[in-house]
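Structure assessment
The residues making up each chain are set out below.
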Amino acid sequence: MITLTGKRNDACFAEFVWEGDVRIRSYRLGLEQLFHGRYLETMLVPFTDQAVLLIGCGKKEDFAPGLTAVKEVLAATAAKCRDFNIRACSMDVSCFTQLLGPEAFTAAVLGLGLGCYRYRYQPLENEEAWDCDFQLENGEAYADRLKEARELLAGICFARNMVNTPGNHLRPMDFDRIITAYEKDVEIEAETLVYGQLRALKMEALYSVGQSSEYPPCLLILRYRGNPDSDEIYGLIGKGITCDTGGYCLKSSDSMGGIKSDMAGAAAVAAAMHAAAAQRLKVNVTACLPLSENRISQSALLPGDVITGFGGRTIEVLNTDAEGRLVLSDAVSYAVRREGITKVLDIATLTGAVANMLGNTIAGAMSDDDGFYALFERALEHSGERYLRLPFGREHEKMIKSDVADVKNVGGGCCGTITAGLFIRSFCEGRPWLHLDIAGTAWCGSPTYAYESKGATGAGVTTLYYLMKEASLPH
């Protein structure tokens, strides 16, 4: 619970301290302690009738990470409250808003909420749920921003929960039902194309991947019309592979642990769409989420197979573990041809190459439209996420040309992230295109930031939301 208050709670309050020695005398304990204020250093100091939680912010002049640093400091605050089972804590975050502007307030709320996040499929028997009432002092001017921040926090936690859910409890149709129920309290129209419809529509790229499993694939379509007077419709295409063994190009044993998380793109889109509708953004958005498993069976794709996508283009399948781009291609084609989208944004845990290149804190981005990418960059100023725009040229496009079909689903021994993106672009039919590869940032085996926990990160949720928000503003 995160609320606004005009006064300090008597039980416990948090103080944010810039680096420099601060002597604390506790008359209750008769102790004098030295607190340095180093970045993320914490100390709980009990007094006669209350306790003070000190949180170090490091040197003020080095507070360059900005929104990321604010989230980390507040996440450390929340974690310490959990450690000491503190049930109510008040704090004044004006030191951050004065330094970084009102965006710091949103970052503070996200930090507090994500610092509390823990995932367990089923709670331990008799495990007491911990909750803390975080009271933000003197924040009356941020009431609207608090509402938006809470919505974003809920969306990130939804995405994390979906990605963290064991694969045997999140089959494609399970995922579809959960998302559809999640969107019911906002003005989003949901439609599901089930397996028989996919076959009737000749969406072979999607159903050929999904027919490898006894749990059928589907295409979930979400429509939000916040600006009916506009002809612009943004298309969000999120990869939703709920189980990815690699198919006959079987993944190595050390990669099997993450096969349940290959639907982070779809989860991020669903969460961002909900936030946009809840905030009534003046923008039109259609999401197409191809939901499927990728397994080994008698009906699974084989290397060398040729299939035909919804748009009529033929695809040579050379690697069955490059299935994400296959299901995305049909979703993109459907969004363009049936939903009339005018811009395409796809987001996916697509390539291991992007993680090898950029690690777990920076995602890859590609675009063929500078204006669309400029909109994306403005969104990044608010979200605080980090992406690197990758270049491409005709030489990369040639790498996915096939001798026996229109296109092949892998390029060669290099440029794997670039050629994967260009494969999806080839189905956009000239629409402005933006591609986000979050394979390295959607999951963390060892958390990098204080607001992360082992497992899903919720990557992409805030960036997609702020992109839609920027698109809704007059320019």
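Note that the structure is predicted; figures quoted are calculated from it, not measured.

Concerning the sheet that holds strand β5 (residues 42–46)
- Read across the sheet, six strands follow the order β1-β8-β7-β2-β6-β5 without closing on themselves; strand pairing throughout is mixed. The sheet is open, and its two borders are formed by β1 (2–5) and β5, each paired with just one other strand. Recorded for the sheet is a direction-independent mean angle of 25° between the axes of neighbouring strands.
- The pairing of β5 with strand β6 (residues 51–56) spans five bridges and is classified as antiparallel. Paired with L44 across the two strands is L53, which belongs to β6.

Notes on the domain arrangement of the chain
- Here the chain is partitioned into domain 1 (2–137) and domain 2 (150–472).
- Placing a centre on the C-alpha atoms of domain 1 and another on those of domain 2 gives a separation of 36 Å.
- The contact between domain 1 and domain 2 buries some 1,800 Å² in all, and 64% of this surface belongs to carbon and sulfur atoms.
- Between the two partners, domain 1 and domain 2, sit zero salt bridges.
- For the interface between domain 1 and domain 2, the tally reads six residue pairs in polar contact (both at pLDDT 80 or more).
- Where the side of domain 1 that touches domain 2 is concerned, the elements lending two or more residues are β1, α1 (67–83) and α3 (103–115).

Some details on the sheet that holds strand β14 (residues 305–308)
- Ordered by their spatial adjacency, three strands build an open sheet running β14-β15-β19, and the pairing between neighbours is mixed. Two strands in the sheet have a free side with no partner beyond their single neighbour: β14 and β19 (407–408).
- Looking at chain direction, β14 and strand β15 (residues 314–317) are connected through four bridges and run antiparallel. Paired with D305 across the two strands is V317, which belongs to β15.

Looking at unusual backbone geometry
- If you check the backbone angles, N85 has positive phi at about 55° while not being a glycine.
- Checked against the element boundaries, N85 lands in the loop between α1 and β7 (88–91).
- Judged by its relative accessible area of 43%, N85 falls in the partly exposed class.
- In this model, C415 sits at a positive phi of 55°, which is unusual for a non-glycine residue.
- Residue classification places C415 among the partly exposed residues on the basis of a relative accessible area of 29%.

Cut-offs and rules
Residue indices follow the written sequence of each chain, beginning from 1 at its first position. Per-residue local features are limited, in this predicted model, to residues with pLDDT of at least 70; the limit for side-chain atom pairs, both in listing and counting, is 80 or more; totals at the level of whole chains, interfaces and linings are taken over all residues. Side-chain measures were taken over the full set of non-hydrogen atoms in the model, leaving aside hydrogen atoms and water. Think of it this way: DSSP has to see at least two bridges between two strands before they count as a pair. In this description a helix means any DSSP run of H or I spanning at least four residues, a strand means any run of E spanning at least two, and both kinds are numbered starting from the N terminus. Here the axes come from fitting lines to C-alpha atoms, over the contacting stretch only for helices, and the angles between their N-to-C directions go from 0 to 180 degrees. Domain borders in the structure are assigned automatically or taken from a domain database. Note: buried area is the sum, over both parts, of the accessible area (probe 1.4 Å) each one loses when the two are combined. Only one rule defines a salt bridge in this text: a Lys or Arg side-chain nitrogen within 4 Å of an Asp or Glu carboxyl oxygen. Side-chain atoms alone can form a polar contact between residues adjacent in sequence; in general such a contact is a pair of N or O atoms within 3.5 Å, and within protein one must be able to donate a hydrogen while the other accepts it. Note on exposure labels: buried denotes an accessible area under 20% of the residue type's maximum, exposed denotes more than 50%, and partly exposed covers the range between, all computed with a 1.4 Å probe on protein chains only.

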